[in-house]
Amino acid sequence: MMEKRYISLISLKRWLEKLNNDGKHIYAPVHKGEKIDFGRISSTDEISFDHVQTTQSAKSVAFPRTEVLFSYEKEKHNVRLGNPASDSIPESVVFGLHPCDAAGFDPLSAIFNWDYKDELYNARKEHTTLVSISCTKSDEYCFCTSVNGGPGNTTGSDILLTPVEEGFLAEILTEKGETLMKADETCFEPDRGSVKEDYLVKLPKKFDLKTVQQRLNSAFESPVWKAQSQRCIGCGACAFVCPTCACFDIQEDAHGDKGKRLRCWDSCGFTLFTQHTSGHNPRETQSQRWRQRLLHKFSYMPDRLSVVGCTGCGRCSRACPVDMNLLEHLISLNN
Amino acid sequence: MDSNIYLPHLMTIEKITQEAPGVKTFRLKFQDGQTASSFSFKAGQFGEYSAFGEGESTFCIASSPTRKGYIECTFREAGKVTSSLARLEEGDTMGFRGPFGNTFPMDQWKGKNLLFIAGGIALPPMRCVIWNSLDTRESFKDITIVYGARSVVDLVYKHELEEWNLREDVRLVTTVDPGGDTPDWKGEVGFVPSVVEKLSPSPENTIAIVCGPPVMIKFTFPVLHKLGFAPENIYTTLENRMKCGVGKCGRCNVGKLYVCKDGPVFTGAQLQELPAEY
Amino acid sequence: MDELRKKATELLQSGDVQMVIGYEKGTKGPRPCFISVPEEAHKLIFDEQCTGNLAVYLTHKDLIAGQKVAITASYFALRSILRLFTENQLQADRLVVLTVSVDKQLIVFTAVDDIAAYLQSAPVPKREDDAALIARLEAISREERWAFWTEELSKCFKCYACRAACPMCYCNKCIVEENRPQWIQPWASTLANVEWHINRAMHMTGRCSDCGACGAACPLGLPIHLLTRRIVQEVQENFGIGANEAVQKDNVLSTFKPEDKENFIR
């Protein structure tokens, strides 16, 4: 149902302002100290257009870092429970995410809808429209083309903008995208016939996914995990900035007789992640946890959910305090 | 939202039984009448039990699906949530989410002999399937139960053990670890794996269901193998650290399987394929 | 650096040590590396770009695995190593400590006291990067400072990279992981984040080497190393001992003497 239009930068800002005035919550890349990250904007002047990648992914719009599952109130022998109201979820627009981030919602949605449907995630995702921007530059950490992605990939986006002369080629990809465009259709002019590929950055493949997957499948007992994971310090930085990591913890925020049960981001890299109350820990060394991370994303998820758990955004490597560099490890597995 | 998979059912604690030091059984009733009458589950499934204000803990459903109107869970006081549950009283409210996980394929066992082997606090997951098989006794041929604990006082379901002992259509062998017996103990003395070996059950047309602490499983499987049991005819339940119970939080992964979704019931053959991450 | 590589080769070849912890060239800058065979010693580098604090690996039991190791330590890592000795986390006969001085001399420490003496005589490396922010924070009022920090810390998402990068955070069970009771809320929210960072700074009192590895590790660029730097200053101002001394003494917050001016425990 794809439709092509053209939108100038000025009209784009006008359109975003209209959406803002309509009451939509708009998240876009903004300066946060020395970093560029998603933040809610009140003015289009805050938006950064000139960066390779934001520090965090856009996943928090549907899978927030901390989220209330329900509230409770105890009174003598009884308990009253409160469900979070789905009508309190605001209509949101994430603007300026890259194709790797939009594609990251696919593995997330797969996990959250596997057998049991996670309505908290689904409700937030439904109230969110993704307006992505294609990539005209990349850095040494990017590898989207090696994992079935690309700088102009449309997977997961509702509208994909590609920077062309003085404006953007706008691909209206879904019904949601069309509805959003119609908030002020005058901003969108007819397609000028720009050839998208001419504007995208050229990113050659850095490894062959099938080869890596084959190697991984037979590598469970390999000493490569110990060698690769020596410098890993076991923090959660890679998991938290990753657009596809969905692991979470469930905790109680108790205040006397009242409280909330919430979920918050967690990482398979933490020591305690798999530890039993008895003290037994199935993955007690960092090398076992590093192996889990790679196998889960590149072997188990494709096997069970038919989707690769990585979109090649490179954030994990940029965020890692000790330069674990996932891409480097994948290339070495390939060779 | 209509179907919040993280929202527990409210349960009233109808009866509390102290099974052994630190081990209690709760009989729970659904507070919502509609759920109470429509709730069903199959042997092998587990639930996430809430102590509101502390969190959730994972236990199997220890009662049988053939007995309606209530569910039971048995747990040992070990950490934050179980200690808080242990302080609750009859009449208090707690939470339950479930039933989750796969089931013992009892349909496939019809007409076969059943050999139940359990140790210590692992009798609860078995008790569900034992009750279920006793309640549908005609479906199965010989039923043998081998159960052991560290000492006499650590045996759980003491009342039921007596019942099973008195039944003519069940063979019950109880044992305690060497040193765990009392002067009037009439059962065996020895670790469960060695008692099984001594018993020397025939693998012919027999399904073995084994539940116990990792060390017991480690030594029982080779005994069964020696006796000629094929791995596809040995069933067990795995435990792993869990939080969501619905295959999303990632904690209970063993290789590419999730204990909460693909388990907790596994065959010996499936276990052989799994990496040793449980 | 050649001398360093030669020494590393020699230590490995003779079997005196089984692993050298050092730096190698990484994607954008130096990163930690672990050399177990002499043939790989050429990878080692050591210059002003080598930030972070390698001493953090000395308490990684799976990595060290009972071996005797050598470590190339920066000025601040030397402070951390001294502190780890004070806290009984290291054994002198299982560790060889190397450093490269300002005038590019390779120094091999044979005794713990030599490290202390070196720290007294060598110049403390200057850090100018944060000067502007520190000046700003010192100029504003207490309320404005609180507003600044709660705003910064609201961004924290509890990845614990700061804890993982710190050589002093070697507790088997961190206070955040203690759930009976749950002293500190483990999730990310402004209050829970402030709780964590205040606690972290307090637990670093009298132990921090001021290496800044925590702030460098933070994926969100939060200047949390300034909190621990401030703690080092507070210890100097309130207890009269500087960082080089503090790392060799009993912990200031958990040591009590009859002559202490506080009288709450009398």
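All values derive from a computational prediction rather than experimental measurement. (Residues numbered from 1 in each chain as written. Chains lettered and ligands numbered in written order. Predicted model: local features only at pLDDT ≥ 70, side-chain atom pairs only at ≥ 80, totals over all residues.)

**Some words on the overall build of chain B**
Stated precisely, the cut-off is as follows: Numbering of helices and strands runs from the N terminus, with a helix taken as a DSSP run of H or I at least four residues long and a strand as a DSSP run of E at least two residues long. The exposure scheme places C-beta atoms from the backbone and then counts, for each residue, the other C-beta atoms within 10 Å of its own, assigning buried at 20 or more, exposed at 12 or fewer, and partly exposed in between. The contact criterion used here is simple: two residues whose C-beta atoms, placed from the backbone, lie within 7 Å are in contact.
When helices and strands are tallied, chain B shows seven helices and 15 strands. Along the three orthogonal principal directions, the C-alpha set of chain B runs to about 55 × 45 × 35 Å. Evaluated residue by residue, chain B yields a buried proportion of 50% over its 278 residues. Residue pairs in contact within chain B that sit at least 24 positions apart in sequence constitute 68% of those at least 6 positions apart.

**Observations regarding the interface of chain B and chain A**
A common way to express how large an interface is: the accessible area buried when the components associate. Here is the rule we go by: Note that Gly is not counted as nonpolar here; it falls among the polar residues with everything else outside the nonpolar set of Ala, Val, Leu, Ile, Met, Phe, Trp, Tyr, Cys and Pro and the charged set of Asp, Glu, Lys and Arg.
The interface of chain B with chain A comprises 33 residues on the first partner and 42 residues on the second. Considered class by class, the residues forming the side of chain B that touches chain A number twelve nonpolar, eleven polar and ten charged.

**Here we look at the domain arrangement of chain B**
Residues and elements named next belong to chain B. Here is the rule we go by: Each domain's extent was defined by an automatic or database domain assignment.
Under the domain assignment used here, chain B contains domain 1 (9–100) and domain 2 (106–237). Placing the centre of domain 1 and that of domain 2 at their C-alpha centroids yields a distance of 24 Å. The partner domain 2 presents 17 residues to the 16 residues of domain 1 that form the contact. Residue classes in the side of domain 1 that touches domain 2 are distributed as eight nonpolar, five polar and three charged.

**Describing the sheet that holds strand 5 (residues 71–76) of chain B**
All names here are of chain B. The cut-off we apply is this: Pairing between strands requires that DSSP locate at least two bridges from one strand to the other. Lines fitted to the C-alpha atoms define the axes, with helices restricted to the stretch that makes contact. Angles between their N-to-C directions range from 0 to 180 degrees.
Taking strand neighbours across the sheet as the criterion, the six strands line up as 4-3-6-1-2-5 in an open arrangement whose pairing is antiparallel. Each of the sheet's edge strands pairs with one partner strand only, and the pair in question is strand 4 (55–60) and strand 5. Between one strand axis and the next, the sheet turns through 40° on average, direction left out of account.

**Quick notes on the domain arrangement of chain C**
All names here are of chain C. Domain assignment breaks chain C into domain 1 (2–121) and domain 2 (131–246). In this structure, domain 1 and domain 2 have C-alpha centres spaced 26 Å apart. For the side of domain 1 that touches domain 2, the elements supplying multiple residues, two or more each, are helix 3 (75–86) and helix 4 (112–121). When grouped by side-chain class, the residues that make up the side of domain 1 that touches domain 2 number seven nonpolar, seven polar and two charged.

**Topic: unusual backbone geometry**
In the segment running from Gly98 of chain B into Pro99 of chain B, the intervening peptide bond is cis, with an omega of 0°. Relative to the helices and strands, Pro99 of chain B resides in strand 6 (residues 93–100). Following Arg180 of chain C, the chain continues into Pro181 of chain C via a peptide bond in cis, with omega recorded as -5°. Phi is positive for Asn148 of chain A, close to 65°, though the residue is something other than glycine. The partly exposed category is assigned to Asn148 of chain A, around which 15 C-beta atoms lie within 10 Å. Not every positive phi belongs to a glycine, and Ser306 of chain A is a case in point at roughly 55°.

**Here we look at the environment of Leu4 of chain C**
Residue and element names in this part refer to chain C. Structurally, Leu4 is set in helix 1 (residues 2–13). A C-alpha to C-alpha distance of 9.2 Å links Leu4 and Gln105, two positions 101 residues apart in sequence. The residues touching Leu4, leaving out its near neighbours within four places in the chain, are Leu44, Phe46, Thr72, Leu98, Val100 and Leu106.

**Notes on the pairing of strand 7 (residues 128–133) of chain A**
Moving residue by residue along a regular strand, the side chains alternate between the two faces of the sheet. Residues and elements named next belong to chain A. Burial of strand 7 is extensive: six of the six residues sit out of reach of the surface. Every second residue of strand 7 is oriented toward a common face, with Thr128, Leu130 and Ser132 on one face and Thr129, Val131 and Ile133 on the other, all of them buried. Note: strand 6 (residues 92–97) against strand 7, five bridges, orientation parallel. Note on strand 7: the bridge partner recorded for Val94 is Leu130. Two strands pair when backbone bridges link them, and strand 7 and strand 8 (residues 159–164) are joined in this way by three bridges, in the parallel orientation.

**Considering the sheet that holds strand 6 of chain A**
In a beta sheet, neighbouring strands pair by backbone hydrogen bonds and run either parallel or antiparallel. All names here are of chain A. A sheet is described by the order of its strands in space; here eight strands give the open sequence 3-2-6-7-8-9-1-10, paired in mixed fashion. Of all strands in the sheet, those bounded by a partner on one side alone are strand 3 (35–40) and strand 10 (189–190). Packing of helix 1 (residues 9–21) onto the sheet brings it into contact with strand 1 (3–8), strand 2 (25–32), strand 6 and strand 9 (167–172), and relative to strand 1 it is tilted by some 100°.

**A look at the pairing of strand 9 of chain A**
Residue and element names in this part refer to chain A. When you tally the buried positions in strand 9, you get five out of six residues, the bulk of the element. The sheet contact formed by strand 1 and strand 9 spans six bridges and is antiparallel. Bridge pairing in strand 9 links Ile7 to Phe168. Bridge count for strand 8 against strand 9 is six bridges, and the pairing is antiparallel. For Val164, the partnering residue across the bridge sits in strand 9 and is Gly167. Hairpin geometry of strand 8 and strand 9 is characterised by an intervening segment of two residues between the two adjacent antiparallel strands and by a positive phi of about 55° at Glu166.

**Things to note about the environment of Leu227 of chain B**
All names here are of chain B. Here Leu227 shows up in helix 6 (residues 214–227). With 30 residues separating them in the primary sequence, Leu227 and Glu197 have C-alpha atoms 7.9 Å apart. With near-sequence residues (within four places) excluded, Leu227 lies in contact with Ser200, Pro201 and Pro203.

**Observations concerning the packing of helix 5 (residues 192–199) of chain B against helix 6 of chain B**
All names here are of chain B. Quick note on the threshold: Working definition: roughly parallel below 35 degrees, roughly antiparallel above 145 degrees, roughly perpendicular at 65 to 115 degrees, and oblique for all remaining angles. The handedness criterion is simple: a crossing whose near helix is rotated anticlockwise from the far helix by less than a right angle is left-handed, and one whose near helix is rotated clockwise is right-handed.
Two elements in contact, helix 5 and helix 6, have axes whose closest approach is 8 Å; the angle formed by their N-to-C orientations is 15°. With respect to their mutual orientation, helix 5 and helix 6 come out roughly parallel. Where helix 5 crosses over helix 6, the two elements pack in a sense that is right-handed. Within the contact between the two elements, helix 5 uses Val192, Pro193, Val196 and Glu197 and helix 6 uses Met216, Phe219, Thr220 and Val223.

**What to know about the packing of helix 3 of chain C against helix 4 of chain C**
Residues and elements named next belong to chain C. Running from N to C, helix 3 and helix 4 cross one another at 140°; their axes reach a closest spacing of 10 Å. Between helix 3 and helix 4, the interaxial angle falls into the category oblique. Considering only the axes of helix 3 and helix 4, their crossing is left-handed. Facing helix 3, whose interface residues are Leu78, Arg79, Ile81, Leu82 and Phe85, helix 4 presents Val112, Ile115, Ala116, Tyr118 and Leu119. Residues belonging to the contact of helix 3 with helix 4 are distributed by class as follows: nine nonpolar, no polar and one charged.

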